[in-house]
Amino acid sequence: MPKHQKAVRMMGIPGLDRTVLVLFLGLLLICLPGRAQDEEEEEFKGVGIHVRLRGAWAMFSGGDLEKGTSGRYDRIVGELSASGFELTEKVKKSFSSGYEMGGDIAYYITPSVGVGFGGSFVGGHMESSVLFHWPGDLLDYRMTSLPELKVYSLRLGLFLSLPLNRLLTVCASAGPAWHFVEFRYTGDLIVSGGYENALHQEGKASHWGVQGALGLEIRMNRRLAFIIEAQGRYAKISGFEGKERTYQWENFETRAVDENGTLYFIEGEDYPRLDIIQGQPAGDLQAREAVFNFSGLSLAAGLNFKF
């Protein structure tokens, strides 16, 4: 069985989703108070501070960073095919998701309205690859394309809670957010033992955005609730400053070129690409500063501790 088919089967293991659901419901039933205990307990009245900790799967558009890295992959695949190579395995992944960890501290002015601040970290990397060989040759060569992303966010928020009953509470929040982004790209092409071409780019940028969330709190005891929620955000970040290195090794000769400057998105060619350019781009290039579109949705679960 081809490797990419094995990878697909691993990502969709039969019964895995059902098992996770059963474990989650079992944990929830264990943590929920019994009926007698629930009737005896009074509503918790603390100092009004809630600490919310969450983990999430974050999805984002990607913008020029996704288009540029995808374009470089497509260009090299096209060049390999045009050169007469046979493609053994082709795995292309969209650079548009990652994992998220974060939390908020809110002070509730009233039982239903609070204000607070929080932060989160989003990390993601999606490796695409191609295996190829000369016709009739059993030896495979490899090309890899690996974009990586780290996003650190700080946010202010207005928090709302609407109890439906003793067990369930609808929760919502919204406010501005500041995002600091670190982007890194590594591409490597190896053909036989006599040729290697590599590209490494990295850049940093920051900008403001807005975010909001809507979810449900499930009461576990007087001071603890389980949270499930969807978090939406809007943010477009540009002005990436960084460095780039191109490396080539051919016939035992090495050539490396370093460049510092601004990350640009180049259009108007057969394939879009990202390039770090010092100063202004040449007039014949259809270039603009690369924009990372962080707008998207996160599906989160966590805990709310009440003090």
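Notes on the structure follow. Owing to the predicted nature of the structure, the values given are computational and were not obtained by experimental measurement.

Thresholds, definitions, all that
All residue numbers refer to positions counted from 1 along the written sequence of the respective chain. Where totals are concerned, whole chains, interfaces and linings use all residues; where local detail is concerned, this predicted model gives features only for residues with pLDDT of at least 70, and gives and counts side-chain atom pairs only at 80 or more. Calculation of side-chain values draws on the structure's entire complement of heavy atoms; hydrogens and water are dropped beforehand. Cavity: a set of points on a 1 Å grid over the protein atoms alone where a 1.4 Å probe fits but cannot get out. Pocket: an open set with protein on both sides within 12 Å along at least five of seven lines, its lining residues, like those of a cavity, having an atom within 4 Å of a point. Grid points are joined across faces, edges and corners, and a volume is the space filled by probe spheres set on the points. Here a strand is any run of E in DSSP of at least two residues, a helix any run of H or I of at least four, and the numbering for each starts at the N terminus. Throughout, the ten residues Ala, Val, Leu, Ile, Met, Phe, Trp, Tyr, Cys and Pro are labelled nonpolar, Asp, Glu, Lys and Arg are labelled charged, and all others, Gly among them, are labelled polar. Note on exposure labels: buried denotes an accessible area under 20% of the residue type's maximum, exposed denotes more than 50%, and partly exposed covers the range between, all computed with a 1.4 Å probe on protein chains only. Whether two strands pair depends on DSSP finding at least two bridges between them. Here is the rule: rings of Phe, Tyr and Trp (six-membered ring for Trp) pair when centre to centre is within 6.5 Å. Planes less than 30 degrees apart are stacked, more than 60 are edge-to-face, and the remainder are tilted.

The next point concerns empty space enclosed by the protein. One pass over the full model with this rule turns up three cavities of 30 Å³ or more. If you add up the space inside the largest cavity, you get close to 200 Å³. Taken together, 21 residues make up the lining of the largest cavity; nearest its centre are Glu100, Ser120, Arg155, Gln211 and Gln231. Those elements giving two or more residues to the lining of the largest cavity turn out to be β1 (49-60), β3 (97-108), β4 (113-125), β6 (141-163), β7 (168-191), β8 (195-221) and β9 (224-234). Taken together, the residues of the lining of the largest cavity break down into five nonpolar, nine polar and seven charged.

The side-chain alternation of β1 yields one buried face, formed by His50, Arg52, Arg54, Ala56, Ala58 and Phe60, and one unburied face, formed by Ile49, Val51, Leu53, Gly55, Trp57 and Met59. Where β1 lies against β3, 11 bridges are found, and the strand directions are antiparallel. Note on β3: the bridge partner recorded for Leu53 is Gly103. Pairing between β1 and strand β16 (residues 296-306): 11 bridges, direction antiparallel. Opposite His50, over in β16, you have Lys306 as the bridge partner.

This part takes up the packing of aromatic side chains. Two measures describe an aromatic ring pair: the distance that separates the ring centres and the angle between the ring planes. Under the criterion given, the structure shown has 12 aromatic pairs. The interplanar angle of 55° and the centroid separation of 6.0 Å between the aromatic rings of Tyr99 and Phe121 together place this pair among those described as tilted. Of this pair, Tyr99 sits in strand β3 while Phe121 sits in strand β4, placing them 22 residues apart in sequence. Taking relative accessible area as the criterion, Tyr99 reaches 40% and is therefore assigned partly exposed. Ring centres 5.2 Å apart and planes at 50° place the aromatic pair Phe121 and Tyr152 in the tilted group. Here Tyr152 lies in strand β6 and Phe121 lies in strand β4, a separation of 31 residues in the sequence. With relative accessibility at 17%, the residue Phe121 sits in the buried group.

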